[in-house]
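# Breakdown of the fold
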Amino acid sequence: MALYSEKVFDHFKNPRNVGEIPDADGVGEVGNAKCGDIMKMYLKIRDNVITDVKFETFGCGSAIASSSMATEMIKGKTIEEALAVSNKDVVDALDGLPAHKLHCSVLAEEAIKSAVQDYYERNGIPYDKSQFPVMEDCEHCGEHEVRMV
Ligand code: FES
């Protein structure tokens, strides 16, 4: 069996929704302190629905494929539906990732959550903080590190 599925290759070679939304309603940036990869997610939100989403990923092919798939999965969905997307959902939608690459899909899930959290913060919307990962500054490089609680 090939290490990577056709879908992973497809999303890696032709990533969907790449770029920046300058007037985004929520922006999330997460990084993996170990590999140094960074993912940024931009959301446009109207009436609780994600009307547009774009991403920039400075990372490996699996991270690019994961973020591309994640954007397709949340576009047109409500905030609650987007928050319910787990890294496992992304991996399943990609027809799997090798075990040592599963952490790359975690970046996609956390980028979505981080962007929604930013939207809540900007708009003064109360939310359950326990739904979101703790963001910490990595002591080595100053980049954000994601830690699940
Ligand atoms: Fe770092 Fe894939 S190796 S996100």
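What comes next concerns the included structure. (Residues numbered from 1 in each chain as written. Predicted model: local features only at pLDDT ≥ 70, side-chain atom pairs only at ≥ 80, totals over all residues. Heavy atoms only, no water.)

### Some words on the pattern of salt bridges
In total, this model carries 11 salt bridges according to the counting rule given. D10 is the partner of R16 in a salt bridge, and the nearest nitrogen-oxygen pair spans 2.8 Å. Accessibility expressed as a relative area gives 23% for R16, which makes it partly exposed. A residue is classified by how much of its surface remains accessible, and D10, at 30% relative accessible area, is partly exposed. Of the charged contacts in the structure, one is a salt bridge between K40 and E29, with a shortest N-O distance of 3.8 Å. Taken as a pair, K40 in strand 2 (residues 38–46) and E29 in strand 1 (residues 26–31) lie far apart in primary sequence, 11 residues in all. Overlapping salt bridges bring together D23, D25, K44 and R46 as one network. (Salt bridge = Lys/Arg side-chain N within 4 Å of Asp/Glu carboxyl O. Buried < 20%, exposed > 50% of the residue type's maximum accessible area, 1.4 Å probe, protein only. Helix = DSSP H or I, 4+ residues; strand = E, 2+ residues; numbered from the N terminus.)

### Re unusual backbone geometry
We note that D47 has phi near 50 degrees; this positive angle belongs to a residue other than glycine. With respect to the helices and strands, the residue D47 is situated in the loop between strand 2 and strand 3 (49–58). For D95, which is not glycine, the phi dihedral falls at a positive 60 degrees. If you trace the backbone, D95 turns up in the loop between helix 4 (87–93) and helix 5 (102–123).

### Side note on the sheet that holds strand 3
The pairing of strands in a sheet happens through backbone hydrogen bonds and is either parallel or antiparallel. Taken together, 3 strands build an open sheet; the order of strands is 1-2-3 and the sheet is antiparallel. The open sheet is flanked by strand 1 and strand 3, the only strands paired with a single partner. On average, adjacent strands in this sheet sit at an angle of 15 degrees to one another, irrespective of strand direction. Alignment of strand 1 against strand 2, held across 6 bridges, turns out to be antiparallel. Within strand 2, the residue paired with V27 across the bridge is Y42. Taken strand by strand, helix 2 (residues 61–74) contacts strand 2 and strand 3, and its axis lies near 175 degrees from that of strand 3. (Pairing = 2+ DSSP bridges. Axes fitted to C-alpha atoms, helices over the stretch in contact; angles between N-to-C directions. Contact = heavy atoms within 4.5 Å.)

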